[in-house]
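Observations on chain architecture
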2 protein chains.
Amino acid sequence: MSREILESGWEEMANRKPTLIQSYPMIGGDGPHSYLRNSSYQKAAIESVRVKTREAILAKLDLETPNSELSIYRIADFGCSIGSNTLDIVQNIIETLKLKHQQEETKGNNNEHLEFHVFFNDKPENDFNILFKTLPWYYLDSEVFACGVPCSFHYQLFPRNSIHIGHTSNTLLWLSRCPEDVCNRNSQAWNRNSIHCTNFIVEVARAYKKQFKKDMGAFVEARAQELVPGGLMIVLGLCLPDGVKMIRTWKGVVFDMIGDCLMDMAKSGIINEGKVESFNLPLYFPQFRELMEVIEQNGCFSIEIMEEVKHPMEDMSFSDDFIVSMFRAGIHGIIEGHFGSGVIDELFDRFAKKLNKEPIDFKDCQKDMQYFILLKRKVR
Amino acid sequence: MSREILESGWEEMANRKPTLIQSYPMIGGDGPHSYLRNSSYQKAAIESVRVKTREAILAKLDLETPNSELSIYRIADFGCSIGSNTLDIVQNIIETLKLKHQQEETKGNNNEHLEFHVFFNDKPENDFNILFKTLPWYYLDSEVFACGVPCSFHYQLFPRNSIHIGHTSNTLLWLSRCPEDVCNRNSQAWNRNSIHCTNFIVEVARAYKKQFKKDMGAFVEARAQELVPGGLMIVLGLCLPDGVKMIRTWKGVVFDMIGDCLMDMAKSGIINEGKVESFNLPLYFPQFRELMEVIEQNGCFSIEIMEEVKHPMEDMSFSDDFIVSMFRAGIHGIIEGHFGSGVIDELFDRFAKKLNKEPIDFKDCQKDMQYFILLKRKVR
């Protein structure tokens, strides 16, 4: 840290913060379009691995190395957003640790009073105010202590060797930024006719994949610094089965429809056509093997579990309303960031009408895949 | 934690949170009336003890007890609010710890890479969103890691034995709630004709003092749980020299004027007279010896330093604008909580006019007193 930075004013310093990481938080507040009220798809995913998470921790957590702080567990949820999902996740982990502790007590190994230091992480643009106001009372029962950590999880967020259990769900497919080349009309990877990585154009897919590997690599490396030896990292998310193209999944179809609506709006003169051509979602559904490659390349973790978990809504045909609300809550921030705040209502009205006219044939779509990964930090 | 609570929904749980602690955050955002732009009086206080804080830490911090985590310092600012004040405080502490570490290195005692885990604490109603968005970039330089802790500091906020340096400034005179009796027309302590503790009516003063001792007692006990043995707690604040009555200080005069304005507004029919009679500021300037009594009663800390520090603005006569802005930013939330949001502009317009008509004779007022306390957690 240079003296110069130390001595300049805090406002100036804040402005110097590099904008390497793009931010597109879920919609804050608790209004009808908020993430808080439109995250039941994510909630179902989390519910579906509740028992698996519990069993995994009981079977794999093994912190018997000398630890002066064995009675304090530090737990972090990375990319927590707001609402009940992150609270349920943390609660499940705490209950499991208590159970494990009771089992140890029975064996006579430990009889200390447990305390849990819980860290809710998301970018500074996340609505921490509402997260904090909705923290349940039991976060004040003098055994669970909650904090918010406002920073991109692509950086190290905690002192080295200090977190016992990390968790993240439905976060890693969000890239830290759009790959530059796909927005650049002079690049071979210019993704002119689509707003996402359909996996059809090789150069586009390559640019997205490169960015994904860089981002997930940074995530894994940061967690490797933070976790204690033997500490566990639980990762839940969506990917594509090896060989499946995004365009063949129903989510890919939805992104294409939203892209078409944007282009229609450009043709009607509501937004600029060049703006649409340069717009791309910072979102990449990796292939299953790409996930494994990144973890193995890092080398600091052993892969204890890495498997497909059926999403409870996998075989459902969703109502138009559900689809519109879910995608609106998810990509609202990105659309607003690129096109300004005036287009959201119009865009999603058009999308709803299009869905109604051209319903998605869910049975005809290929499936994406929900994965569950349990990593254990190797001893240094 | 009962099963019942665990199994009920998070929203319901949040609603169960007892309302024991009243909340009146400083004005959030960065508008013209915000705390962010109207805290230069507090800033001056903090500036005035910068060097003293540095010297105190260098002289008194002595964490040579075996500590597997000696390379991680955990620092907490209690009641941080928002803006540059809390950032400056923490930065000063970090720089001092680095300096101390360098001195130890020279002696060959320590050569580990330091990391700082920093906790910004305030009530959940504090504007953490703006605090987080204004965190300087150096909080991401992989040696300083920042968190927000959304809870009243009258509770234990951290695992036992985990904080190395705690700090609070200008917070302890804010009570967790108004003493009930002073708002109760059937009580001997009913404070009908004033909105604060003038120290004139014995019963009123007794009720305020009782609440203060309870609150500060809870604060000291919670910190005693959290601090490591040898850990330091720095407390900066305002009190009254023993024997001085609040009504004789210029701040007491201001509170009386604001009370008069409220009563004028009641007489004009703008607000309800009963509402004014039942309104009291949850604010108590303790006598110097009362502070000492609470610390000694707790018994977990040795008082390393406890002294008066001249406030740099102590001898100033303030402009009307400065006074109005400072008090508006400070008590806006309380006024709004009691009278609703419609009265603020009118009240402070009237107060400004009153100040102009009846200027405060600063030379005629008795002085309050700024204190600096350094506590060291005794070995358990």
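Predicted, not measured: the structure shown is a model, and the values here were computed from it.

What follows is about the pairing of strand 1 (residues 72-78) of chain B. Residues and elements named next belong to chain B. Most of strand 1 is tucked away: seven of the seven residues are buried. What you see with strand 1 is no split at all: Ile72, Arg74, Ala76 and Phe78 on one side and Tyr73, Ile75 and Asp77 on the other are buried throughout. Where strand 1 meets strand 2 (residues 115-122), seven bridges bridge the pair, whose relative direction is parallel. What sits directly across from isoleucine 72, in strand 2, is glutamate 115. Alignment of strand 1 against strand 4 (residues 163-169), held across four bridges, turns out to be parallel. Within the sheet, the bridge partner assigned to phenylalanine 78 lies in strand 4 and is threonine 168.

All names here are of chain B. Unusually for a residue other than glycine, serine 81 sits at a positive phi of about 55°. For serine 81, the location among the structural elements is in the loop between strand 1 and helix 5 (84-106). Residue serine 81 is classed as buried on the basis of its C-beta count, with 25 C-beta atoms lying within 10 Å. A positive phi is found at asparagine 170, a non-glycine position, where the angle reads about 55°. Tracing the sequence through the fold places asparagine 170 in the loop between strand 4 and helix 7 (202-226). We classify asparagine 170 as partly exposed; it has 19 C-beta atoms within 10 Å.

Take the nonpolar core next. The biggest cluster of nonpolar side chains holds 183 residues, and the ones touching the most others in it are Val118 of chain A together with Val118 of chain B. Residue contacts for valine 118 of chain A: discarding those within four places in its chain leaves Ile75, Val90, Val144, Phe145, Ala146 and Cys147 of chain A.

Another point: the packing of helix 3 (residues 40-48) of chain A against helix 5 (residues 84-106) of chain A. All names here are of chain A. Orientation of helix 3 relative to helix 5, taken along the N-to-C sense of each, is 10°, at an axis distance of 10 Å. If you check the angle between helix 3 and helix 5, you find them roughly parallel. Here helix 3 contributes Gln42, Lys43 and Ile46 to the contact with helix 5, which in turn contributes Asn85, Asp88 and Ile89. Considered class by class, the residues forming the contact of helix 3 with helix 5 number two nonpolar, two polar and two charged.

Moving on, we come to the environment of phenylalanine 132 of chain A. Within the secondary structure, phenylalanine 132 of chain A is located in helix 6 (residues 128-133). Expressed as a C-alpha distance, the spacing of phenylalanine 132 of chain A and lysine 363 of chain A, which sit 231 residues apart in the sequence, is 41 Å. Once you skip the residues sitting within four places of it in the chain, phenylalanine 132 of chain A turns out to touch Gly148 of chain A together with Pro124, Phe128 and Pro150 of chain B.

In this section: the confidence of the model for chain A. Residue and element names in this part refer to chain A. Considering every residue of chain A, the mean pLDDT works out to 87; 87% of them sit at 70 or more. Segment residues 65-69 is flagged for pLDDT under 50; beyond a separation of four residues in sequence, or across chains, it makes three contacts in the model. As a predicted assembly, this complex carries a pTM of 0.88 together with an ipTM value of 0.85.

Note on placement: serine 268 of chain B falls in the loop between helix 8 (250-267) and helix 9 (273-277). Given 10 C-beta atoms within a 10 Å radius, serine 268 of chain B is considered exposed.

Calculation notes
- Residues numbered from 1 in each chain as written.
- Chains lettered and ligands numbered in written order.
- Predicted model: local features only at pLDDT ≥ 70, side-chain atom pairs only at ≥ 80, totals over all residues.
- Buried ≥ 20, exposed ≤ 12 C-beta atoms within 10 Å, placed from the backbone.
- Helix = DSSP H or I, 4+ residues; strand = E, 2+ residues; numbered from the N terminus.
- Pairing = 2+ DSSP bridges.
- Core = buried A, V, L, I, M, F, W, Y, C linked by C-beta atoms within 7 Å.
- Contact = placed C-beta atoms within 7 Å.
- Axes fitted to C-alpha atoms, helices over the stretch in contact; angles between N-to-C directions.
- Parallel < 35°, antiparallel > 145°, perpendicular 65-115°, else oblique.
- Nonpolar A, V, L, I, M, F, W, Y, C, P; charged D, E, K, R; others polar.
- pLDDT = per-residue confidence, 0-100.

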